[in-house]
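Below are the chains, spelled out letter by letter.
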Amino acid sequence: MAHIGDEHKDQQVTILSLVAACDNFPLNPVEHGYYQLCLPGDDQPHGYMLPKIVDRMPFTPAFEVHHDEPRRVTVLDNLNGEDTARAINAAFQDLIDICIDQNTFRALAGRHSEPFAIPSARYERPVQVVRFAAQLFGITHRGAHLIPRRAAHLFTYPGMLDTTVAGGVKAGASPLQTIIVEANEEASLPEDLVRRLARCRGTITQMSMSGEESPAEKGLVCPNYTFVYDMELPPDVVPRPNDDEVAGFTAMTVEDLKAAMLREEFKDDSAVVLVDFLIRHGVITPENEPEFVDITMRLHRKLPFRT
């Protein structure tokens, strides 16, 4: 995800600027500035690649690069239709193996990561690429966030937000399965409780570019859509860390939450999910937020790739 860069630190942080930090890709057509990632037998692009990434990529014979407009990087079907998905997966895996061995890109962090599906692909079996490599190819990322909150009638901390549970949707997993796994790992919330109480409230769609603060290369295209879930916690349930990714949980009032957001104390993507939550629950409204329309539009951007 992109972040508000150093050049903006002196500017006032607003709800819109928080949302824009995760949706900073140009709105006008930009295909000519990128290479389109194409898959066999499909005339729709599946990602935007930076020219500098294409120049450095150690492509194997399983890829074909066209430098004339429209510029394209095409994965070839070396199995001639017998199993196109397997051919694509093998092509990506072989290429990423080489990149990791040669330490070609910072984005890969010198290691393999979990497989993520290419959501725009349409084949009999899933087509996937490892998570850290997806941004090199400009492939759409899928995530899932859960916001548990205390019931309004509870004596202790009524109506307060407890935590945000989040994770990327891995290949072969559903958004709800992702929430179940992450809720257990990050907050010790049991599967049966999450299945019973978690409710999907929609999606957030955005498109950003990696910035100077990113450990990856600058300017990588990051399309993203996030499945958003709410869950009202029973009075006897208290989230507790269950791994080393979470230090602890703090219940917050809405006003404390908004103040912390404007102090940029939340990760960019978490702040955006919380903005969506506050809109859906009538806390941020057209009456108290002058940039309300822009904010809501930036939360639901139309992506240039199939979803």
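Here we summarise the structure given alongside this text. (Residues numbered from 1 in each chain as written. Predicted model: local features only at pLDDT ≥ 70, side-chain atom pairs only at ≥ 80, totals over all residues. Heavy atoms only, no water.)

## Some thoughts on the overall build of the protein chain
Moving on, step 1. Helices and strands together make up the secondary structure of the protein chain, namely nine helices and 10 strands.
Moving on, step 2. Taken over C-alpha atoms, the radius of gyration comes to 21 Å for the protein chain, in line with the 19 Å a tight globule of 307 residues would show.
Moving on, step 3. Reported as C-alpha extents along the three principal axes, the dimensions of the protein chain are approximately 65 × 45 × 30 Å.
Moving on, step 4. For the protein chain, the proportion of its 307 residues judged to be buried stands at 50%. (Helix = DSSP H or I, 4+ residues; strand = E, 2+ residues; numbered from the N terminus. Rg over C-alpha atoms; globule rule 2.2 N^0.38 Å. Buried < 20%, exposed > 50% of the residue type's maximum accessible area, 1.4 Å probe, protein only.)

## Examining empty space enclosed by the protein
Moving on, step 1. Tallying each qualifying case throughout the model produces one cavity of 30 Å³ or more.
Moving on, step 2. Estimates place the volume of the largest cavity at around 50 Å³.
Moving on, step 3. What lines the largest cavity is a set of 10 residues, among which Gln 206, Asn 224, Thr 226, Asp 269 and Val 272 lie closest to the centre. (1 Å grid on protein atoms, 1.4 Å probe; cavity = no way out; pocket = protein on both sides within 12 Å on 5 of 7 lines; lining within 4 Å. Points joined across faces, edges and corners; volume = space filled by probe spheres on them.)

## Observations regarding the pairing of strand 3 (residues 63-66)
Moving on, step 1. Pairing geometry for strand 3 and strand 4 (residues 72-75), over four bridges, is antiparallel. Note on strand 4: the bridge partner recorded for His 66 is Arg 72.
Moving on, step 2. Between strand 3 and strand 4, which pair antiparallel in sequence order, lie five residues. (Pairing = 2+ DSSP bridges.)

## Overview of the nonpolar core
Moving on, step 1. In this structure, Met 57, Phe 92, Leu 136, Phe 137 and Leu 189 are the most contacted members of the largest nonpolar core, which totals 62 residues.
Moving on, step 2. Take this core: its biggest share by element is eight residues, from helix 3 (residues 84-102).
Moving on, step 3. Sequence-distant contacts of Met 57, that is, excluding residues within four places in its chain, are made with Met 49, Leu 95, Cys 99, Phe 105, Leu 136 and Phe 137.
Moving on, step 4. Listed in part, the 24 residues of the second largest apolar core include Ile 15, Met 252, Val 273 and Ile 295. (Core = buried A, V, L, I, M, F, W, Y, C linked by side-chain atoms within 4.5 Å. Contact = heavy atoms within 4.5 Å.)

The quantities given are spatial measurements derived from coordinates; they are silent on function.
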